[in-house]
Amino acid sequence: MNTTNAELEWLEKDGHHIVESGSDDFPALLLQIPNPPERLFVVGNLDALHLPSLAIVGSRNPTRGGEQNAYEFAKHLGGSGFCIVSGLAEGIDAAAQRGALDGKAMTVAFLGHGIDRIYPAVNADLARTIAQQGALCSEFPVGTPPRRENFPQRNRLISGLCIGTLVVEAAKRSGSLISARLAAEQGREIFAIPGSIHNPMSRGCHQLIRQGAKLVESAADIVLELGPL
C-alpha cells in the first residue's frame, strides 16, 4: 500500500510503526480472520501483539460493580500472563485496561480512527500509558476521524487478536455483543459474567450464556479454560 506524506511524518517519531500483513511483526492470529487488515499503525511495543491475549469488553455506561469486575479480572488475568485487549472506550474498556496496567501487564487498545488522535479525549492520559506499557493500534489511515461505522470494523480486530473474549456487562443491543459474535465466527472462546436479573446491563451477558458462552464467576475460571491453549 502507498504511504502518505502524513503517515511518513508520523512514522518518524519514536515508538511509531507500520506493520504490513506480510511481515514477521504482523500478529499471526489476525491473518486467520476474515478480511484481515493489510497493515496496522502501532504506537508502543510490538511484542504486545504476539502474547497470549484476552479481550475484555462491555458497556460504556456500566454499573459501579461492573466497572470493578472489569478492573479486577483484567488485573488478575494480566498477572497470569495474558495481554488484555480492548477498545479504549469509556466504561468497561477503560476499566479493564487500567486493571491490566496496574497489574504490570501488557495491554493493547484498538482504535476506531486514525492512530494520530485519541477518542474519547477523556482517555488521553490512559492512551499515553498504554503506549508505554503495551500498544495502541489502528488499521485506519492517519487522519481518519472517529466515525460510527469504524467501530464495528475495529471490533473484529479486538476479538481476532485474542484466544478469548470476556463480556463483563452489556445491554441486549450493545456493541459488545457484536464483538462476541465476531469472536464466535473467528472460532474464539466467549466468556460472560452473569448479573442481577434486575440489571439491564446484565441482559446481554445472560443472552450470550444462553447461546453457549461460558459463565465465569472468577478470573481463575478463564485461566483454567484457556491455560491449555
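I will try to describe carefully the structure that is included in this document. Every value quoted in this text rests on a predicted model; they were computed, and no experiment measured them. (Residues numbered from 1 in each chain as written. Predicted model: local features only at pLDDT ≥ 70, side-chain atom pairs only at ≥ 80, totals over all residues. Heavy atoms only, no water.)

Here we have nine strands laid out as an open sheet, ordered 1-2-6-5-4-3-7-8-9, and mixed in their pairing. Across the chains shown, the open sheet's two edge strands, defined by having one partner strand only, are strand 1 (16-20) and strand 9 (214-215). In this sheet, strand 4 (residues 83-86) lies alongside strand 3 (residues 53-57) in parallel orientation, the contact comprising three bridges. Bridged to Leu-54 within strand 4 is Ile-84. Against the sheet, helix 5 (residues 150-160) makes contact with strand 2 (39-44), strand 3, strand 4, strand 5 (107-110) and strand 7 (164-167), and its axis sits at roughly 160 degrees relative to strand 5, the strand it touches most. Strands strand 3, strand 7, strand 8 (189-192) and strand 9 of the sheet are contacted by helix 8 (residues 219-226), whose axis makes an angle of about 165 degrees with strand 8. (Pairing = 2+ DSSP bridges. Helix = DSSP H or I, 4+ residues; strand = E, 2+ residues; numbered from the N terminus. Contact = heavy atoms within 4.5 Å. Axes fitted to C-alpha atoms, helices over the stretch in contact; angles between N-to-C directions.)

Residues spaced three or four apart along an α-helix face the same direction, because each turn holds 3.6 residues. Restricting attention to buried positions, one finds in helix 6 (residues 175-185) the residues Ser-176, Leu-177, Ser-179, Ala-180, Leu-182 and Ala-183. The secondary structure elements touched by the buried residues of helix 6 are strand 3, helix 5, strand 7, strand 8 and helix 7 (203-210). Taking the backbone nitrogen of Ser-176 as reference, a side-chain oxygen 3.0 Å away marks Ser-174 as the first, capping residue of helix 6. Note on helix 6: the residue one or two positions beyond its end, Gly-187, has a positive phi of about 80 degrees. (Buried < 20%, exposed > 50% of the residue type's maximum accessible area, 1.4 Å probe, protein only. Polar contact = N/O pair within 3.5 Å; in protein donor to acceptor, adjacent residues only side chain to side chain.)

Two elements in contact, helix 2 (residues 64-79) and helix 3 (residues 92-102), have axes separated by 7 Å at closest approach and are oriented at 35 degrees. Relative to helix 3, helix 2 is oriented so that their crossing is right-handed. Note on element contacts: helix 3 touches helix 2 through Ile-92, Ala-95, Ala-96, Arg-98, Gly-99, Ala-100 and Asp-102, opposite Gly-66, Glu-67, Ala-70, Tyr-71, Ala-74 and Lys-75. When its residues are assigned to classes, the contact of helix 2 with helix 3 shows seven nonpolar, two polar and four charged. (Left-handed = near helix turned anticlockwise from the far one by under 90°. Nonpolar A, V, L, I, M, F, W, Y, C, P; charged D, E, K, R; others polar.)

Let us now look at the side chain of Arg-188. Checked against the element boundaries, Arg-188 lands in the loop between helix 6 and strand 8. Put simply, Arg-188 is tucked away with no salt bridge, and the nearest opposite charge, on Glu-189, sits 9.6 Å away. A polar contact is formed between the side chain of Arg-188 and the backbone oxygen of Gln-186, at a distance of 2.8 Å. Setting aside residues up to four positions removed in sequence, Arg-188 forms contacts with Leu-29, Gln-32, Ile-33, Ser-159, Gly-160, Cys-162, Ile-163 and Ala-183. (Lys, Arg positive; Asp, Glu negative; His and termini not counted. Salt bridge = Lys/Arg side-chain N within 4 Å of Asp/Glu carboxyl O.)

Turning to the packing of aromatic side chains, a few remarks are in order. Applying the stated rule across the entire model yields two aromatic pairs. Measuring from centroid to centroid gives 6.1 Å for Tyr-119 and Phe-151, while their planes differ by 50 degrees, and the two rings are tilted. Taken together, the positions of Tyr-119 in the loop between strand 5 and helix 4 (124-133) and Phe-151 in helix 5 put the pair 32 residues apart, joining distant regions of the chain. Judged by relative accessible area, which is 14%, Phe-151 ranks as buried. (Phe/Tyr/Trp six-rings, centres within 6.5 Å; stacked < 30°, edge-to-face > 60°.)

Backbone torsion omega between Tyr-119 and Pro-120 reads 0 degrees, so that peptide bond is classified as cis. Positive phi, close to 55 degrees, is recorded for Asn-35, a residue that is not glycine. Along the chain, the position of Asn-35 falls in the loop between strand 1 and strand 2. The phi dihedral of Lys-104 falls on the positive side, at around 60 degrees, and the residue is not glycine. Within the fold, Lys-104 resides in the loop between helix 3 and strand 5.

Ranked by size, the top nonpolar core spans 31 residues in total, and within it Leu-30, Val-42, Val-85, Val-108, Phe-110 and Leu-161 carry the most contacts. With three residues, helix 6 is the largest single contributor of residues to this core. Grouped together as the second largest cluster of nonpolar side chains are 22 residues, Leu-77, Ile-92, Ala-96 and Val-168 included. (Core = buried A, V, L, I, M, F, W, Y, C linked by side-chain atoms within 4.5 Å.)

Purely geometric numbers; function is a separate question.
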